[in-house]
Each structure stands twice: as C-alpha cells, then as structure tokens.
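# Tertiary structure, described
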Amino acid sequence: MENVQLSIERSEEMSFGCLVDQKERLVASSFGANSQLVERHLVEYSTKTIGKSPTRINHWLTEEMIRRFEGAKNSKKVNLNRSFVSNHQAKVCSVLEKIPAGRVTTYGLISNHIGSAPRAVGGAVGSNPWSIFVPCHRVVPRSLRIGNYSLCGTLGESGSPTKFRLLVRERVPIDKDRIDSASLWKPSEGD
C-alpha cells in the first residue's frame, strides 16, 4: 500500500495542494480559495483511492503548482502517478497534456480523437486528478464559450472565472466569454 504525503501552500487568494507518493510522483493536486476545502478534497481522494490519510509535509511540487498557476514556464518535470486513474481517464489526460499553452480544444474533438463519447470525456476532464499540471482548463464546449471548471472536485460559481483567468494568463484570445476560433487546437495535430 502506498504512503502519500500532503503539501498545502497559500499564494495570494488561492490555496494549492499536492498529494505525493514515496517515489516523488504526483498522485493528485487541487486548488481553490479555501484551504480547508483543498485539504478535505485531497484527504478524501487519498482515503478513497489509496485507503489511508496522507501525512503533512512541505513539498516543492506545491510551489511548482503555484508557479504554473501564475503563468511561469514549466521548468521542472513532474512525474504523475497514474496508478489510480482508469484507462479512459489516462487516455483523456494524455491528450490534455499535449494541448499547447495559448490554445484550447473541445470535448467533442477529444472524444473523436480517442473514440469515446463527449460526455465520458467531460467526466474525465472534470475529474482530472492533476489540476494545473494536466491543463484541463484548456478544454471548452463546442460553442467556444469558457464553460465550467471544477475546483476541489466540485463545480461552483468561482470555477468559470478561475478558468477564464488561467486562459487569459496563457494569452488565449477571448472576447467577452467566447474564445477566438483561431486558438482551437485539434488533437490530431498533437500526435
């Protein structure tokens, strides 16, 4: 059975948390305005997937998460522990990892690429265990509107503004709440 550790840090108005295994791999990450919700979400994830609560530490991955949230380039390689996701979730996440900064794709384009239903892709994107590190915020509805965004495992009123903020930091061209179609990335371009 895995031993996992939980690291949580606050930066500006957000809290960031990472679950890390003994091999320095990221098991899960989460962020949101409320530190207690971030911690509860990650402790519940650990208990549900691994069967035990994590121990608290300070870990460099949390600082790396903050840096990425703030728009810094990805300077450090992050190894993901993929043991706790389904094959479908892993397939979807492998596509998400290829979406370039400054671009977006749609649930439908991903579903066509991997041979899955758009709703199943939406479920996998919405439950992405590696927030920020696997850029699920770069997936939008076919309408090219911002759409929803899950924080701490749930949809809420602060999700869409957070997604908007992340996309603006990556210089995705947005007019009001609609993304310019020139920034649309097709998964077949990433192979």
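Here the structure is shown first, and the text comes after it.
We now examine the environment of Ala182. Mapping Ala182 onto the fold places it in the segment after β10 (178-179). By relative accessible area, which is 63% here, Ala182 ends up exposed.

In this section: the pairing of strand β2 (residues 14-21). Side-chain positions along a regular strand alternate between the two faces of the sheet. Burial analysis of β2 places eight of its eight residues in the buried class, the great majority of the element. Neither face of β2 is left uncovered, since the one carrying Met14, Phe16, Cys18 and Val20 and the one carrying Ser15, Gly17, Leu19 and Asp21 both have all their residues buried. With eight bridges joining them, strand β1 (residues 4-11) and β2 adopt antiparallel strand pairing. Of the residues in β2, the one forming a bridge with Glu9 is Phe16. Following β1, the chain reverses through two residues before pairing antiparallel with β2; Glu12 in that reversal takes a positive phi of roughly 50 degrees. Pairing between β2 and strand β3 (residues 26-32): six bridges, direction antiparallel. Residue pairing across strands places Ser15 opposite Gly32, the latter belonging to β3. In this antiparallel pair of consecutive strands, β2 and β3, the connection spans four residues, and Glu24 shows a positive phi of 65 degrees.

Attention now goes to the packing of helix α3 (residues 87-96) against helix α4 (residues 107-114). At a closest axis distance of 11 Å, the pairing of α3 and α4 adopts a crossing angle of 115 degrees. The interaxial crossing formed by α3 with α4 has right-handed handedness. Contacts from His88, Lys91, Val92, Val95 and Leu96 of α3 reach α4 at Ile110, His113 and Ile114. Residues that form the contact of α3 with α4 fall into these classes: five nonpolar, two polar and one charged.

Reading the values: the criteria
- All residue numbers refer to positions counted from 1 along the written sequence of the respective chain.
- Per-residue local features are limited, in this predicted model, to residues with pLDDT of at least 70; the limit for side-chain atom pairs, both in listing and counting, is 80 or more; totals at the level of whole chains, interfaces and linings are taken over all residues.
- To get the side-chain values, all heavy atoms of the structure are used, and hydrogens and water are removed first.
- Per the convention used, a helix needs a DSSP run of H or I reaching at least four residues, while a strand needs a run of E reaching at least two, with both numbered from the N terminus.
- Throughout, exposure labels follow a simple rule: accessible area from a 1.4 Å probe, protein chains only, divided by the maximum for the residue type, with under 20% read as buried, over 50% as exposed, and the rest as partly exposed.
- When DSSP finds at least two bridges between two strands, those strands are taken to pair.
- Lines are fitted to the C-alpha atoms to define the axes, a helix being fitted only along its stretch in contact, and any angle between axes, read from their N-to-C directions, falls within 0 to 180 degrees.
- In this scheme, a crossing is called left-handed if the near helix is turned counterclockwise away from the far one by less than a right angle; it is called right-handed if the turn is clockwise.
- Contact between two residues is taken to exist if any of their heavy atoms lie within 4.5 Å; hydrogens are not considered.
- When residues are sorted by character, Ala, Val, Leu, Ile, Met, Phe, Trp, Tyr, Cys and Pro go into the nonpolar class, Asp, Glu, Lys and Arg into the charged class, and all the rest, Gly among them, into the polar class.

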